[in-house]
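Residue strings, one per chain:
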Amino acid sequence: MNNFDKYTDQAIALLMAYGPKLLLALLTLVIGLKLIKMVVNLLDKAMDRQKVDLTLQKFTLSICSITLKILLLVSVASMVGIATTSFIAVLGAAGLAVGLALQGSLSNFAGSMVILFFKPFAIGDVIEAQGYIGKVKEIQMFTTTINTPDNQRIIIPNALLSNGCIKNICIEKTRRVDLTFGISYEDDLLKAKEVLRQLISADARALKDPGSEIYVAAHADSSVNILVRIWVKTEDYWGVYFDMLERVKLTFDKEDIVIPYPQRDVHLIQQ
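Residues numbered from 1 in each chain as written. Predicted model: local features only at pLDDT ≥ 70, side-chain atom pairs only at ≥ 80, totals over all residues. Heavy atoms only, no water.

### Looking at the sheet that holds strand β3 (residues 143-147)
Okay, step 1: With antiparallel pairing, five strands are arranged side by side in an open sheet as β4-β3-β2-β1-β5. In this open sheet, the two strands that pair with only one neighbour each are β4 (153-157) and β5 (166-168). The average undirected angle you get between the axes of adjacent strands in this sheet is 40 degrees.
Okay, step 2: For strand β2 (residues 132-139) and β3, the ladder comprises four bridges, and the chain directions are antiparallel. Within the sheet, the bridge partner assigned to Lys135 lies in β3 and is Asn147. (Pairing = 2+ DSSP bridges. Helix = DSSP H or I, 4+ residues; strand = E, 2+ residues; numbered from the N terminus. Axes fitted to C-alpha atoms, helices over the stretch in contact; angles between N-to-C directions.)

If you want it as structure tokens, here you go:
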């Protein structure tokens, strides 16, 4: 019975000594979490008003929330009586261990920072990178997701994107369609160029400024190659590309302009 009374007295003494601190720390934790939520919401609304890129906005809010919660936990630990320096040292050691274990993930995280701040591409852009071409669907903390033209989903680590070559296909408002058409050496070169010029003029999608260009590109083995360069709006690129291929073939047939097959002259010498 004496031991029970002794332990009871010790428990009451500890409760009297640390109870208020624990209660205050718990109250601080609850209020702090609510305040952090309010701050994050206010930052979210402010970024909405400034029309910040959606991916950058989510990323910034996540980092802000995590940082504030870590600071809150350190403050609550110091209120309870835990040595702040020791607590920070433990967090630092844990962070170092996690960092060594997740080197690849951290490099992807750094890559996402480069992409978000330097913006080599954005959601909705069509890019070519790491051997793939597709439209950017998501830019996440560690990876970027693109959809290929045949609707396959490709997930690329951000470290590869930030350190590799990226071709942003649709970032500019205009693009140039380059096409080469071969005619036979017997055909009228000037007539063929005039036919091509009329086909380009008849297409309203071909821009007048800068204007289109038609050149003789090469005297090839079987044909005279004519290079056609047409400036169009980016969204009209593929439409003009495929339409011109079809229209040139049909018009050349109608005008008796021959698109020759590859051929060789073989000379047989009799002994």
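### Focus on a nonpolar patch on the surface
Okay, step 1: Together, Leu24, Leu27, Ile31, Leu35 and Met38 line one region of the surface with nonpolar side chains, adding up to about 470 Å² of accessible area.
Okay, step 2: Checked against the element boundaries, Met38 lands in helix α1 (residues 2-49). (Patch = residues over 30% accessible without salt bridge, like charges linked within 9 Å, V, L, I, M, F, W, Y side chains within 5 Å. Areas by Shrake-Rupley, 256 points an atom, 1.4 Å probe, with all protein chains shown as cover. Salt bridge = Lys/Arg side-chain N within 4 Å of Asp/Glu carboxyl O.)

### Focus: the environment of Lys173
Okay, step 1: Tracing the sequence through the fold places Lys173 in the loop between β5 and β6 (174-183).
Okay, step 2: Placed 62 residues apart in sequence, Lys173 and Glu235 show a C-alpha to C-alpha distance of 8.3 Å.
Okay, step 3: For Lys173, the contacting residues outside a window of four places in its chain are Val232, Lys233 and Thr234. (Contact = heavy atoms within 4.5 Å.)

### Some thoughts on the environment of Lys249
Okay, step 1: Along the chain, Lys249 falls in helix α7 (residues 237-254).
Okay, step 2: Along the primary structure Lys249 and Phe181 are separated by 68 residues, whereas in three dimensions their C-alpha atoms are 9.2 Å apart.

### Comments concerning the sheet that holds strand β8 (residues 224-233)
Okay, step 1: Reading across from one edge, β6-β8-β7 is the order of the three strands in this open sheet, with antiparallel pairing throughout. Sheet topology places β6 and β7 (213-219) at the edges, where each strand pairs with a single neighbour. This sheet shows a mean twist of 25 degrees between the axes of neighbouring strands, independent of strand direction.
Okay, step 2: As judged from the six bridges shared by β7 and β8, these two strands associate in the antiparallel manner. By the bridge assignment for β8, Ala218 is matched with Asn225.

### Description of the nonpolar core
A general tendency of soluble globular proteins is for nonpolar side chains to be buried together.
Okay, step 1: With 22 residues, the main nonpolar core has Leu196, Ile230, Met244 and Phe252 as its most contacted residues.
Okay, step 2: Looking at this core, the elements with two or more residues in it are β6, α6 (189-202), β8 and α7.
Okay, step 3: Not counting residues within four places of it along the chain, the set of residues in contact with Leu196 comprises Phe181, Ile214, Ile226, Val228, Val248 and Phe252.
Okay, step 4: Listed in part, the eleven residues of the second largest apolar core include Val136, Ile139, Ile146 and Ile154. (Core = buried A, V, L, I, M, F, W, Y, C linked by side-chain atoms within 4.5 Å. Buried < 20%, exposed > 50% of the residue type's maximum accessible area, 1.4 Å probe, protein only.)

### As for the packing of aromatic side chains
Okay, step 1: Counted by the stated rule, this structure contains five aromatic pairs.
Okay, step 2: The interplanar angle of 25 degrees and the centroid separation of 5.6 Å between the aromatic rings of Trp238 and Phe242 together place this pair among those described as stacked. Taken as a pair, Trp238 and Phe242 lie in helix α7 at a separation of four residues, close to a single helical turn.
Okay, step 3: Linked through ring pairs, Tyr237, Trp238, Tyr241 and Phe242 together constitute an aromatic cluster.
Okay, step 4: Above the ring of Tyr237, the side-chain terminus of Arg175 is found at 3.8 Å from the ring centroid. (Phe/Tyr/Trp six-rings, centres within 6.5 Å; stacked < 30°, edge-to-face > 60°. Lys NZ or Arg CZ within 6 Å of the ring centre and 35° of its normal.)

### Overview of α6
Okay, step 1: Spanning 14 residues, α6 covers 20 Å between terminal C-alpha atoms, matching the ideal 20 Å at 1.5 Å per step.
Okay, step 2: All of the buried residues in α6 are Ala192, Lys193, Val195, Leu196, Leu199 and Ile200. For α6, the angular spread of buried residues about the axis comes to 155 degrees, placing them on one side. Residues Leu190 and Ala202 are exposed on α6 and point more than 90 degrees away from its buried face.
Okay, step 3: Turning to α6, the residues buried within the fold contact β6, β7, β8 and α7.
Okay, step 4: Where α6 begins, the capping side chain belongs to Asp188, and its oxygen is found 3.1 Å from the backbone nitrogen of Leu190. (Expected span 1.5 Å × (residues − 1). Arc of directions from axis to C-beta. Polar contact = N/O pair within 3.5 Å; in protein donor to acceptor, adjacent residues only side chain to side chain.)

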